[in-house]
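# Fold and geometry: a report
The residues making up each chain are set out below.
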There are 2 protein chains.
Amino acid sequence: MILKREHFDEKQAQLYDVIIAGGGAGGLSAAVYLARYNLKVLVIEKGRGRSFWMQDLWNYVPRVVSGKELIEGGKEMALHYGADWLNGFVEAVTDTGEEFQVRVKYRFKNSDYPVFRAKYLIAATGLMDVLPQLENMQNVYEYAGYNLHVCLICDGYEMTNRRAALIAGSEKAINTAFVLNWFTPYITVLTLGAYPVGDEMRAKLADHGYPLIEKPIARFLGKDHVMDGIEFADGTSIKVDTGLISMGSIRHDGYLKNLDLLTDGGDIVTEYDCRTSHPRVFALGDLKKGLNQVSIAVADGTLAATAIWKEIRRASAPRKWTAPLQEAAARAEESARPEISLGAPRGG
Amino acid sequence: MILKREHFDEKQAQLYDVIIAGGGAGGLSAAVYLARYNLKVLVIEKGRGRSFWMQDLWNYVPRVVSGKELIEGGKEMALHYGADWLNGFVEAVTDTGEEFQVRVKYRFKNSDYPVFRAKYLIAATGLMDVLPQLENMQNVYEYAGYNLHVCLICDGYEMTNRRAALIAGSEKAINTAFVLNWFTPYITVLTLGAYPVGDEMRAKLADHGYPLIEKPIARFLGKDHVMDGIEFADGTSIKVDTGLISMGSIRHDGYLKNLDLLTDGGDIVTEYDCRTSHPRVFALGDLKKGLNQVSIAVADGTLAATAIWKEIRRASAPRKWTAPLQEAAARAEESARPEISLGAPRGG
Ligand SMILES: Cc1cc2nc3c(=O)[nH]c(=O)nc-3n(C[C@H](O)[C@H](O)[C@H](O)COP(=O)(O)OP(=O)(O)OC[C@H]3O[C@@H](n4cnc5c(N)ncnc54)[C@H](O)[C@@H]3O)c2cc1C
Ligand SMILES: Cc1cc2nc3c(=O)[nH]c(=O)nc-3n(C[C@H](O)[C@H](O)[C@H](O)COP(=O)(O)OP(=O)(O)OC[C@H]3O[C@@H](n4cnc5c(N)ncnc54)[C@H](O)[C@@H]3O)c2cc1C
């Protein structure tokens, strides 16, 4: 169910099996699995995450969907199987050794700060791509995620043999040109004039025939979400058919700080089953080391949920078909075919 | 495109980047990714695999689909992005050191045996669950995959607190009862009288209150794909609401025999990116060690395709924006906005 203020007292008193921070691709998959394992699970989602901005998910069988469809559909499934859902922002997590206490900011104005408790924590809060900061950000949002891409693996195909602007956030990020050129050689590299470019990189770009433009961008040109050019601060412009932004990303991991998880270059390091260096914390999808793709985040949800279920199951007393239950079953049999009514589901 | 006899000569002459044996959940995901990396890929699918028999895929966000929808949708995507597709049975694979030669049986009658060639091989042929062998197999197919389940992780939830028959193919398989009891304690264990059960197992079942029936099954009772009882060879019967078949599975790996891949209990051992002990062979999904779930197979396709692309990309000369191409681009610019026409896509 979707939690509102009136549910907070009751829900803060109980111990969830798992709290999932982030209801994007990975968190939703974990929620569906955990709910289908009859575990008590709460998903906390702030809204407008990375998958929300994804216009078209091109490479996830069996069909192209938008990020919004992915989120709405996954949420519906999780709720259907009995997961709890809270629209809120995870601010901080404390590990008491026995349980996690997860502090949430609820509502932007007149905020509440409920604290929910769980045996396990799944960190599935992903990240956000850094975008060029123009005076008019609306102009950036008009094209980013459409034909001004942020993910080469996702959208390289759409750039095939097109004139592409590569907007690089650092000299190191310019190297993306030498992967993008698998798809297209018609690459113009833009630094926004934000950092110096060394001689070696200049020579390499010249050798490949990729022009380098080191001026601030004034605005993207085009209409109806189709960018077809870029205008610079000095009034000059170039025509392009597509673009790729390679300016890094900001991880949504503030609430994890005092858990001291092992990271590598900022990405959370996990086992195959997504367990972090903390035995009761799992990390999924973009937040962890590896490919940032929906299919990966979804499988991560499967793996983490199944590992947690296994552990909780093994720590629980087995359910026996005791004499009273045998009798209940016999009585039920005498009447009609019993539906799902022979006892409360396990869980928690 | 879908290959027919008339295409065989041309397609046997070329070297594919990748041949994918099996177009189920994992193979289709790999095909979509590889095609979107502009690589030359051929999928070979015999038809009626495991995902074909899956009635409802319950736990794959964003919505419940049937196995047939998964296959049809994924196939459409792969074809759309330029993958080749062959309806055929992979019989044998030979590694010449430079390439794989993949021998296919095409058509059941008046067969052809074309041999296609590729740099990389993806093994995505999955497995098939062993079913009880009754005289009238139609009676088994009527319920298997409906409420007579084959996968506890997939369908445990549907069995919650229901009277369940566990059809175990060996004494070891009876242990599934002690996982199934997470979902329901109303378990009756059936051996079909096919093997002896030791005293220790008998005592454990008795302690849990799970009856053991050691008689051959005559038939499943019920109608419209809803099983509601089981009749035994001696004419007695029991009422159940659901069932779980735990009789093992048969791997579709005959064609891999002479590649001597490393296995563990029959499952192919892989790295995180699905690479097997053979550096140019990748294995996905049910065929490899790990969870047998659609989400896992789909992510495996992503991982294998991306690893192969990286390797092929790094072994290729970089595409430069040479003077002639610069001029072509300038000319194109003079006329209309160039679409995807400045050169042939890379690949192969
Ligand atoms: C424009 C664009 C196009 C893309 N195209 C593709 C594509 O074609 N194919 C593909 O496979 N991938 C694509 N991706 C990448 C894909 O979106 C990510 O890999 C995927 O969403 C990762 O899943 P996740 O669960 O790790 O993170 P997300 O899906 O981003 O989910 C994280 C969730 O956590 C929430 N959150 C963050 N912080 C908090 C907090 N403190 N409290 C509560 N909630 C919080 C966010 O709102 C978000 O909903 C694309 C991405 C973008 C931006
Ligand atoms: C009844 C049932 C219900 C299930 N429910 C769920 C569920 O709810 N959720 C879930 O995640 N999973 C479920 N599964 C499991 C799921 O179907 C598998 O995990 C998944 O299909 C594995 O993908 P794969 O690509 O490895 O294999 P498959 O999808 O089985 O694909 C392998 C393909 O290879 C083909 N093939 C085999 N041999 C050859 C050959 N020699 N030449 C050419 N082609 C060949 C087969 O025809 C098949 O299409 C269910 C399975 C069954 C049977």
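Right above here is the structure, for reference.
Throughout this document, residue positions are counted from 1 along each chain, in the order its sequence is written. Chain letters start at A and ligand numbers start at 1, both assigned in the order the entries are written. With pLDDT at 70 or above as the cut-off, local features in this predicted model cover only qualifying residues; side-chain atom pairs require 80 or more to be listed or tallied, and sums for whole chains, interfaces and linings still use all residues. Heavy atoms throughout the structure, all of them, feed into the side-chain values; hydrogens and water do not.

### Thoughts on the overall build of chain A
A run of DSSP states H or I qualifies as a helix once it reaches four residues; a run of E qualifies as a strand once it reaches two. Both are numbered from the N-terminal end. Each helix and strand counted, chain A has 10 helices and 19 strands in total. Each principal axis of the C-alpha distribution contributes one length, and for chain A these read about 85 × 40 × 40 Å. Going through the 348 residues of chain A one by one, you find that 55% of them count as buried. Restricting the contact set of chain A to residue pairs at least 6 apart, pairs at least 24 apart contribute 59%. Accessible surface for chain A amounts to roughly 14600 Å². Of this, 52% is attributable to carbon and sulfur atoms. Burial classes follow relative accessibility: with a 1.4 Å probe on protein chains only, a residue under 20% of its type's maximum area counts as buried, one over 50% as exposed, and anything between as partly exposed. Two residues qualify as a contact provided that any one of their heavy atoms is within 4.5 Å of a heavy atom in the partner residue. Accessible areas in this description were obtained via Shrake-Rupley with a 1.4 Å probe; residue shielding takes into account the shown protein chains only.

### As for the site of ligand 2
Near ligand 2 you find 37 residues, and of these Gly-26, Glu-45, Ser-51, Asn-59 and Val-294 of chain B are the closest. Chain contributions to the surroundings of ligand 2 come from chains A and B. Contacts to ligand 2 include Asn-59 of chain B, whose side-chain N or O atom sits 2.8 Å from a nitrogen atom. A total of 990 Å² of accessible area belongs to ligand 2 in isolation, and the protein chains cover 98% of it. For the shell around ligand 2, the secondary-structure elements that each account for two or more residues are helix H2 (25-36), strand E2 (41-45), helix H3 (50-53), strand E4 (89-95) and helix H9 (294-314) of chain B. Broken down by element, the shell around ligand 2 gets its largest block of residues, 3 residues, from H3 of chain B. In this text, near means that some heavy atom of the residue lies within 4 Å of the molecule or strand in question. Each polar contact in these results corresponds to two N or O atoms within 3.5 Å; when the atoms are within protein, one needs to be able to donate a hydrogen and the other to accept it, and residues that are neighboring in sequence are counted only if both atoms are side-chain atoms.

### Some details on the site of ligand 1
Within the structure, ligand 1 sits among 36 residues, and Gly-26, Glu-45, Ser-51, Asn-59 and Val-90 of chain A are positioned closest to it. Looking at what sits near ligand 1, you find residues from chains A and B. One nitrogen or oxygen atom from the main chain of Asn-292 of chain A is found 3.4 Å from an oxygen atom belonging to ligand 1. When the free accessible area of ligand 1 is taken as 990 Å², the share hidden by the protein chains comes to 98%.

### Some thoughts on the relation of the copies chain B and chain A
Rotating chain B by 180° and translating it 0.0 Å along the rotation axis places it on chain A, where the RMSD comes to 0.0 Å. Classification of the inter-copy transformation places it as that of a two-fold axis. Considering only C-alpha atoms, the residue of chain B closest to the rotation axis is Ala-299 of chain B, which sits at 3.0 Å. A share of 99% of interface residues in chain B that are also interface residues in chain A marks the association as one of identical surfaces. A residue counts toward the fit only if its pLDDT is at least 70 in both copies, and the copies are then superposed by least squares on the C-alpha atoms of those residues.

### A short note on the nonpolar core
Of all hydrophobic cores here, the largest spans 122 residues; its most connected members are Ile-20 and Ile-122 of chain A together with Ile-20 and Ile-122 of chain B. Apart from the residues within four sequence positions on either side, Ile-20 of chain A is in contact with Gly-27, Ala-30, Ala-31, Leu-34, Val-41, Leu-42, Val-43, Ile-44, Ile-122 and Ala-124 of chain A. What we call a nonpolar core is a set of buried Ala, Val, Leu, Ile, Met, Phe, Trp, Tyr and Cys residues that are connected through their side-chain atoms within 4.5 Å.

### Examining the packing of aromatic side chains
Each Phe, Tyr or Trp ring (for Trp, its six-membered ring) is paired with any other whose centre lies within 6.5 Å, and the angle between the two planes then decides the class: stacked below 30 degrees, edge-to-face above 60, tilted in between. This model, assessed by the stated rule, comprises 24 aromatic pairs over all chains. Ring centres 5.6 Å apart and planes at 45° place the aromatic pair Phe-183 of chain A and Trp-309 of chain B in the tilted group. One end of the pair, Phe-183 of chain A, is in the loop between helix H7 (177-180) and strand E10 (187-190); the other, Trp-309 of chain B, is in helix H9, on a second chain. Taking the relative accessible area as the measure of exposure, Trp-309 of chain B reaches 2% and is therefore buried.

### Description of the sheet that holds strand E13 (residues 226-232) of chain A
Residues and elements named next belong to chain A. Each pair of strands is called paired provided DSSP finds at least two bridges between the two strands. Pairing is antiparallel in the open sheet, where 3 strands are placed in the order E12-E13-E14. Only two strands of the sheet have a single neighbouring strand rather than two, namely strand E12 (217-223) and strand E14 (237-239). If you compare each strand with its neighbour and ignore which way they point, the axes differ by 25° on average. Strand direction decides the pairing type here: E12 and E13, joined by 6 bridges, are antiparallel. Considered in E13, the bridge of Arg-219 is made with Glu-231. All axes are obtained by fitting lines to C-alpha atoms, using only the stretch in contact for helices, and the reported angles, taken between N-to-C directions, cover 0 to 180 degrees.

### Description of the state of the cysteines
In what follows, a disulfide is any cysteine sulfur pair within 2.5 Å. Under the counting rule described, the total for this entry stands at 2 disulfides over all chains. Paired through a disulfide, Cys-151 of chain A and Cys-154 of chain A show a sulfur-sulfur distance of 2.1 Å. Its S-S torsion of about 75° marks the bond between Cys-151 of chain A and Cys-154 of chain A as right-handed, since a negative value means left-handed. For Cys-151 of chain A, a relative accessible area of 11% corresponds to the buried category. Between Cys-274 of chain A, a cysteine without a disulfide, and Cys-274 of chain B, which holds the nearest cysteine sulfur, the sulfur-to-sulfur distance is 14 Å. Its relative accessible area of 0% is what places Cys-274 of chain A among the buried residues.

### Considering unusual backbone geometry
Residue and element names in this part refer to chain A. Of note, the amide linkage connecting Val-61 to Pro-62 takes the cis form, showing an omega dihedral of 10°. Tracing the sequence through the fold places Pro-62 in the loop between helix H3 (50-53) and helix H4 (67-80). At Arg-48, a residue that is not glycine, the phi angle is positive and equals roughly 55°. Turning to its location among the elements, Arg-48 is positioned in the loop between strand E2 (41-45) and H3. Residue classification places Arg-48 among the exposed residues on the basis of a relative accessible area of 53%. With phi around 50°, Asp-260 is a residue other than glycine that occupies positive phi space. Positionally, Asp-260 belongs in the loop between strand E16 (249-251) and strand E17 (263-264).

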